[in-house]
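The residues making up each chain are set out below.
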Amino acid sequence: MLISKMAAEGGGKEMNEIKTQFTTREGVYKLLTHSEYSRPNRVPFNSQGSNPVKVSFVNVNDQSGNGDRICFNVGRELYFYIYKGVRKAADLSKPIDKRIYKGTQPTCHDFNHLTATAESVSLLVGFSAGQVQLIDPIKKETSKLFNEERLIDKSRVTCVKWVPGSESLFLVSHASGSMYLYNVEHTCGTTAPHYQLLKQGENYSVHTCKSKSTRNPLLKWSVGEGALNEFAFSPDGKFLACVSQDGFLRVFNFDAVELHGTMKSYFGGLLCVCWSPDGKYIVAGGEDDLVTVWSFLDCRVIARGHGHKSWVSVVAFDHYTTSVEESDPMEFSGSDEDFQDQMIHLGRDRANSTQSRLSKRNSTDSRPVSVTYRFGSVGQDTQLCLWDLTEDILFPHLPLSRTRTHTNVMNASSPPAGATVIANATNGNNSAASTPGINSLSATLPRSNSLPHSAGTAAANSANRTGTGGGIMDSAIATGVSKFATLSLHDRKERHHEKDHKRNHSMGHISSKSSDKLNLLTRTKTDPAKTLGTLLCPRMEDVPLLEPLICKKIAHERLTVLIFLEDCLVTACQEGFICTWARPGKVVSSF
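The structure presented is a predicted model; accordingly, all values stated were derived computationally and were not measured.

A tally of helices and strands in the chain yields ten helices and 32 strands. Evaluated residue by residue, the chain yields a buried proportion of 58% over its 591 residues. Counted over contacts in the chain with a minimum sequence separation of 6, partners at least 24 positions apart contribute 62%. Summed over all atoms, the accessible surface of the chain reaches about 24,100 Å², with 50% contributed by carbon and sulfur.

This is the structure:
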């Protein structure tokens, strides 16, 4: 079906040729060859044995109107350029900053968007040997080096991100399966840290650092088995989605250090994860060649997408084509039903705009609401896929199979008694992200941005999110572990896994080939062979299978980057070439 579809689009004999443009319902996306960023010599990088090329963007609010900056790593090198996007050709002869590292390679990086100015930016860089460096590529300064002696963790840094809304806190994940919370103001100490258990649950534990004076790391998370490949904060910063080599997506309430829900890949490790703009859905990709859509509200898989022929390395939502995100800012706090009402008005208001062609297309349906999320994926098969997640998948009128007993989205919209909906306190946009979580938490627990039953910690969190406090958990650590002891996942776990437990006894056998792969992947308490056919990992026939809108080969080497910007999308491959694709109607004629 995929081959015939591509042939119809003009693929045919040229299917193996690299595409320089592709067409969606919005129009034609075009590769801007003059906007390609790479090492100054433009020579393809010999990528064997090196870490994936990654790209980070920041806007420094430059008065000239050209405030976008790009950072990317290629092998042992790290580059920092002015990013001219669709406006002007890239000038590779003048990097603002270039660094070459010895004995270790950069693996990932992240800008602090909160503190960025035209004179100074804070860039975190993770390395293959486990260190994390804080640099300012505008001032050309190296401020600090964390885990310098590798006393905290000796394994490769897999992901590094600033905590949303904080000027000083950042989170780092490692190939060891551990995550660490750091404060840039604190030292790492001269000895290996000693830890004290703070919280533990199903296949995860969180420890605080035991020392006389406050030091890094503030917290150590041990999550699942094998490498923790990537994590992503929800749009409001309250929840954290992690994907691991054991094939599990785990979603945590970050401040309360509490597990919200889990999902298991069809087989193999999960490599990448992202949130929808409103925080209601999570997409993960990995070694099963699939993209899997998981509902934050229902804690279940609602769709899978098959288009890639190899591992999926990056998934990302397109905030600019997603209908939900077309009102800016979108302030919202209330029930899911209220959200749907707002969606109706949103769709009508935007019906005549150029960005809402997808909404307009769907508005002729018998259903009054038109919800379309656009996301993309790139993989080791060198292909870019774009996907639309539409209301017929999000809000099915009938159960998808005889076996499904879990409440669907429409029936789960009312909050339980005793639960309070959170209004967003840290981010002007996407404040609906925290509303779905109410249904999976015990109704007896209050819903707030603080640790339950701890007023002091709420103040600390609030102060820190504005950049004035110490650590996000500092006061919680100071007041002792007893505050966390009041939290229990017992009720929620029983409710969520009761059906799974019953199904495990009657589930059919999976093929021996799949079983062998699964058994090699994990040593967790959850037997992988018993997860297939449950809510953790539904069978393929039990959930809708999405087909990609487009599936195009766009590079010679495996793809490692996909970022959606307002007037373009950006991809990168392991040869070290960062490509800009102009959105329909965004090509500047002066090129």
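Next comes the rest of the description.
Next up on the list: the sheet that holds strand 25 (residues 312-317). Read from one edge to the other, the open sheet built from four strands follows the order 25-26-27-29, with strand pairing classed as antiparallel. Across the chains shown, the open sheet's two edge strands, defined by having one partner strand only, are strand 25 and strand 29 (550-553). Here the average twist between neighbouring strands, direction ignored, is 20 degrees. As defined by bridge partners, strand 25 adjoins strand 26 (residues 372-379) across five bridges and the pair is classed as antiparallel.

Across the two faces of strand 1 (residues 21-24) the burial differs, with Phe22 and Thr24 buried and Gln21 and Thr23 not buried at all. For strand 1 and strand 2 (residues 27-31), the ladder comprises four bridges, and the chain directions are antiparallel. What sits directly across from threonine 24, in strand 2, is glycine 27. Following strand 1, the chain reverses through two residues before pairing antiparallel with strand 2.

Side chains bearing opposite charge may pair, as long as their charged atoms lie close to each other. Using the criterion set out here, one finds eleven salt bridges in the structure. For glutamate 26, the salt bridge identified is with arginine 374, shortest N-O distance 2.8 Å. You can see glutamate 26 sitting in the loop between strand 1 and strand 2 and its partner arginine 374 sitting in strand 26, a full 348 residues away along the chain. Residue glutamate 26 is classed as buried on the basis of its relative accessible area, which comes to 12%. By relative accessible area, which is 1% here, arginine 374 ends up buried. Here arginine 583 ties to aspartate 318 by a salt bridge, and the two come within 2.8 Å at their closest N and O atoms. Placement of the pair is arginine 583 in the segment after strand 32 (578-582) and aspartate 318 in the loop between strand 25 and helix 2 (336-349), with a sequence separation of 265 residues. Residue class for aspartate 318 comes out buried when judged on its relative accessible area of 0%. Here the salt bridges do not stand alone but share partners, grouping Arg25, Glu26, Arg374 and Asp388 into one network.

Turning next to the environment of lysine 84. As for its placement among the helices and strands, lysine 84 is situated in the loop between strand 5 (77-82) and strand 6 (97-100). Along the primary structure lysine 84 and serine 35 are separated by 49 residues, whereas in three dimensions their C-alpha atoms are 7.4 Å apart. Apart from residues lying up to four places away in sequence, lysine 84 is in contact with Tyr37, Asn66, Ala89 and Asp91.

The next subject is the side chain of threonine 158. Take threonine 158: it is sitting in strand 11 (residues 157-162). Separated by 2.7 Å, the side chains of threonine 158 and serine 173 make a polar contact. A polar side-chain atom of threonine 158 sits 2.6 Å from the main-chain carbonyl oxygen of leucine 228. Excluding its chain neighbours within four sequence positions, the residues that come into contact with threonine 158 are Lys54, Cys108, Ser173, His174, Ala175, Leu228 and Asn229.

Okay, the sheet that holds strand 19 (residues 248-253) next. In spatial order, the strands read 17-18-19-20; together these four strands make up an open sheet with antiparallel pairing. The sheet terminates laterally at strand 17 (228-233) and strand 20 (258-264), the two strands that pair on one side only. This sheet shows a mean twist of 20 degrees between the axes of neighbouring strands, independent of strand direction.

Once that is clear, we can look at the environment of arginine 76. In this structure, arginine 76 sits in the loop between strand 4 (68-74) and strand 5. Between the alpha carbons of arginine 76 and arginine 99 there is a distance of 8.2 Å; along the sequence they are 23 residues apart. Of the polar contacts made by the side chain of arginine 76, one reaches the backbone oxygen of tyrosine 101; its length is 2.9 Å.

Under the definition given, this model contains 25 aromatic pairs. Look at phenylalanine 80 and phenylalanine 111: their rings are 5.8 Å apart centre to centre, the planes differ by 50 degrees, and that puts the pair in the tilted class. In this pair, phenylalanine 80 sits in strand 5 while phenylalanine 111 sits in strand 7 (residues 106-111), placing the two residues 31 residues apart along the sequence. Neither residue differs from the other here; phenylalanine 80 and phenylalanine 111 are each classed as buried. Put simply, the rings of Tyr37, Phe57, Phe72, Tyr79, Tyr81 and Tyr83 touch in pairs and so form one group of aromatic residues.

Note that the residue after asparagine 216, namely proline 217, is joined by a cis bond; omega there is -5 degrees. Here proline 217 lies in the loop between strand 15 (204-209) and strand 16 (219-223). Even without being glycine, asparagine 147 reaches a positive phi, approximately 60 degrees. In this model, threonine 382 sits at a positive phi of 65 degrees, which is unusual for a non-glycine residue. Its place among the elements puts threonine 382 in the loop between strand 26 and strand 27 (383-390).

This part takes up the confidence of the model for the chain. Across the chain, the average pLDDT comes to 76, with 66% of residues at 70 or higher. Here residues 1-13 is modelled with pLDDT under 50, and outside its nearest four sequence neighbours on either side it reaches 18 contacts, counting other chains as well. Segment residues 400-524: pLDDT under 50, and 253 contacts once partners within four positions in sequence are set aside and those in other chains are kept.

What follows deals with the pairing of strand 8 (residues 123-127). Most of strand 8 sits out of view: five of its five residues are buried. Sheet topology places strand 8 next to strand 9 (residues 132-136); four bridges connect them, and they run antiparallel. The residue bridging glycine 126 from the neighbouring strand is valine 132, located in strand 9. Linking strand 8 to strand 9, which pair antiparallel, is a turn of four residues; within it glycine 130 sits at a positive phi near 110 degrees.

Here is what the cut-offs are and how they apply
- Residues take numbers from 1 onward in each chain, read along the sequence in its written order.
- Given that this is a predicted model, residues contribute local features only at a pLDDT of at least 70 and side-chain atom pairs are listed and counted only at 80 or more, while totals for whole chains, interfaces and linings are drawn from all residues.
- The side-chain quantities take in all heavy atoms of the structure and omit both hydrogens and water.
- Starting at the N terminus, helices and strands are each numbered in turn, a helix being any DSSP run of H or I of at least four residues and a strand any DSSP run of E of at least two.
- Only protein chains enter the accessibility calculation, which uses a 1.4 Å probe; a residue is then buried when its area is under 20% of its type maximum, exposed when over 50%, and partly exposed in between.
- Two residues qualify as a contact provided that any one of their heavy atoms is within 4.5 Å of a heavy atom in the partner residue.
- All accessibility values rest on the Shrake-Rupley procedure with a 1.4 Å probe; residue burial counts only the protein chains present in the view.
- Strand pairing requires that DSSP identify at least two bridges connecting the strands.
- Structural elements are reduced to axes, namely lines fitted to C-alpha atoms, with helices fitted over the stretch in contact, and the angle between N-to-C directions of any two is expressed from 0 to 180 degrees.
- For this document, the term salt bridge refers to a Lys or Arg side-chain nitrogen within 4 Å of an Asp or Glu carboxyl oxygen.
- N or O atoms closer than or at 3.5 Å make up a polar contact, with two conditions inside protein: a donor-capable atom paired with an acceptor-capable one, and, for residues adjacent in sequence, both atoms drawn from side chains.
- Each pair of aromatic rings taken from Phe, Tyr and Trp, with Trp reduced to its six-membered ring, is defined by centres within 6.5 Å and is described as stacked if the planes are under 30 degrees apart, edge-to-face if over 60, and tilted in the remaining cases.
- A residue's pLDDT is the confidence the predictor assigns to it, expressed on a 0 to 100 scale.

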